[in-house]
Amino acid sequence: DIQMTQSPSSLSASVGDRVTITCRASQSINNYLNWYQQKPGKAPKLLIYAASSLQSGVPLRFSGSGYGTDFTLTISSLQPEDFATYYCQQSYTTPRTFGQGTRVEIK
Amino acid sequence: EVQLVESGGGLVKPGGSLRLSCEASGFTFSSFAMQWVRQAPGKGLEWVSSITSSSSYVYYADSVKGRFTISRDNARNSLYLQMSSLRAEDTAVYYCAVAISRGDGVFDFWGLGTMVTVSS
């Protein structure tokens, strides 16, 4: 199985800060990397697919990059509604493994 | 509008069984593979199982293989997860999810989830 490792596990940042979350795959997954946002008590929501494509309706402050084994989710200017946990997930092969999550707290 | 509505969760004793359902609407259910993903309290997301559109292929996480069975009824637009020999570590919110418009394995629609608690 492909292991997905996110860092950091949590972070605290101020409104307006630039936030970066990284995700590393245990083997190359080309660009089959997706990012989800989950708020407490809610289902996950797709943010980014194919490493860098923004899902419809997702604010432009979210962006993704990377290829192969190393990927990044960036929030260019953190907003209060961005308090959430973010998960990467590979869709290269089954099982569709997720990273362990990165919790973003607002200072 | 795509909707996925899970049901069937509840409290069950270790070793017991439970059957989850997911009723789908707003898309051509019979054309898409379906998934179950779970989340233990305070933990991350774990893919559990998937089934192809015509039920030709099913896949399971190692943690549930031999104990869980995924199935679907395309006439009823419904997905199922039969869970047996349940363990405390199966306690989680169980979500059904589907990849409709962004590629295979990209879960763009999720249900709200149903809670399963395994406890004596």
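Residues numbered from 1 in each chain as written. Chains lettered and ligands numbered in written order. Predicted model: local features only at pLDDT ≥ 70, side-chain atom pairs only at ≥ 80, totals over all residues. Heavy atoms only, no water.

Chemist: How would you explain the layout of surface pockets if you had to name every residue and give the values?
Modeler: A water-sized probe rolled over the atoms picks out the places where empty space is left. Taken as a whole, the largest pocket holds about 470 Å³ of empty space. In this structure, the largest pocket is lined by 25 residues; those nearest its centre are Q38, T85 and Y87 of chain A together with Q39 and K43 of chain B. For the lining of the largest pocket, the elements supplying multiple residues, two or more each, are β9 (84-90) and β10 (102-106) of chain A together with β9 (92-98) of chain B. Of the residues contributing to the lining of the largest pocket, the split by class is 11 nonpolar, 10 polar and four charged. In this structure, the second largest pocket spans a volume of roughly 340 Å³. Taken together, 17 residues line the second largest pocket, and the ones lying closest to its centre are D1, T97 and F98 of chain A together with E46 and W47 of chain B. (1 Å grid on protein atoms, 1.4 Å probe; cavity = no way out; pocket = protein on both sides within 12 Å on 5 of 7 lines; lining within 4 Å. Points joined across faces, edges and corners; volume = space filled by probe spheres on them. Helix = DSSP H or I, 4+ residues; strand = E, 2+ residues; numbered from the N terminus. Nonpolar A, V, L, I, M, F, W, Y, C, P; charged D, E, K, R; others polar.)

Chemist: Tell me what's going on with the interface of chain B and chain A, and back it up with residues and numbers.
Modeler: How big an interface is tends to be stated in terms of accessible area lost as the parts join. Counting residues at the interface gives 18 residues for chain B and 19 residues for chain A. Counting the surface lost from both chain B and chain A, the interface buries some 1,600 Å², and carbon and sulfur atoms represent 58% of this. Sorting the residues of chain B by area buried against chain A places L45, W47 and R102 of chain B first, and these three jointly supply 38% of that buried surface. One salt bridge in this structure joins D104 of chain B and R96 of chain A, with 2.9 Å as the shortest N-O distance. For the pair chain B and chain A, the number of links is 10 residue pairs in polar contact (both at pLDDT 80 or more). Counting residues per element, the side of chain B that touches chain A draws most heavily on strand β5 (residues 45-51) of chain B, at three residues. (Contact = heavy atoms within 4.5 Å. Buried area = accessible area lost by both parts, 1.4 Å probe. Salt bridge = Lys/Arg side-chain N within 4 Å of Asp/Glu carboxyl O. Polar contact = N/O pair within 3.5 Å; in protein donor to acceptor, adjacent residues only side chain to side chain.)

Chemist: Outline the nonpolar core, listing residues and values.
Modeler: In this structure, W36 and Y94 of chain B are the most contacted members of the largest nonpolar core, which totals 43 residues. The dominant element in this core, judged by the number of residues it contributes, is β9 of chain B, at six residues. (Core = buried A, V, L, I, M, F, W, Y, C linked by side-chain atoms within 4.5 Å. Buried < 20%, exposed > 50% of the residue type's maximum accessible area, 1.4 Å probe, protein only.)

Chemist: Give a detailed account of the sheet that holds strand β2 (residues 10-13) of chain A, specifying residues and quantitative values.
Modeler: One open sheet holds the six strands; their spatial order is β2-β10-β9-β4-β5-β6 (chain A), and the pairing between them is mixed. Looking along the sheet, the strands with just one partner apiece sit at the ends: β2 and β6 (53-54) of chain A. (Pairing = 2+ DSSP bridges.)

Chemist: Explain the environment of T91 of chain B to me, and be specific about the residues and the numbers.
Modeler: Residue and element names in this part refer to chain B. Mapped onto the fold, T91 is located in the loop between β8 (78-83) and β9. By relative accessible area, which is 15% here, T91 ends up buried. Apart from the residues lying within four places of it in its own chain, the contact partners of T91 are A40, P41, M115, V116, T117 and V118. Of note is the side chain of T91, whose polar atom sits 3.0 Å from the backbone oxygen of A88. A distance of 2.9 Å separates the side chain of T91 from the backbone nitrogen of V118, its partner in a polar contact.

Chemist: Please provide a residue-by-residue account of the pattern of salt bridges, values included.
Modeler: All names here are of chain B. Counted by the stated rule, this structure contains 10 salt bridges over all chains. Its salt-bridge partner being D73, residue R76 comes within 3.3 Å of it at the nearest N-O pair. Residue R76 is classed as exposed on the basis of its relative accessible area of 60%. Exposure remark for D73: the relative accessible area of 24% places this residue in the partly exposed category. Among the charged side chains, a salt-bridge network with shared partners connects R38, E46, R67 and D90.

Chemist: I'd like a rundown of the pairing of strand β5 (residues 45-49) of chain A, residues and numbers included.
Modeler: All names here are of chain A. Most of β5 is tucked away: four of the five residues are buried. Here strand β4 (residues 33-38) pairs with β5 via three bridges, running antiparallel. Directly across from Y36, in β5, lies its bridge partner L46. The loop that links β4 with its antiparallel partner β5 comprises six residues; one of these, G41, has a positive phi angle of about 75°. For β5 and β6, the ladder comprises two bridges, and the chain directions are antiparallel. Counterpart to I48 in the pairing with β6 is L54. What sits between β5 and β6 in their antiparallel hairpin is a turn of three residues, with A50 showing a positive phi close to 50°.

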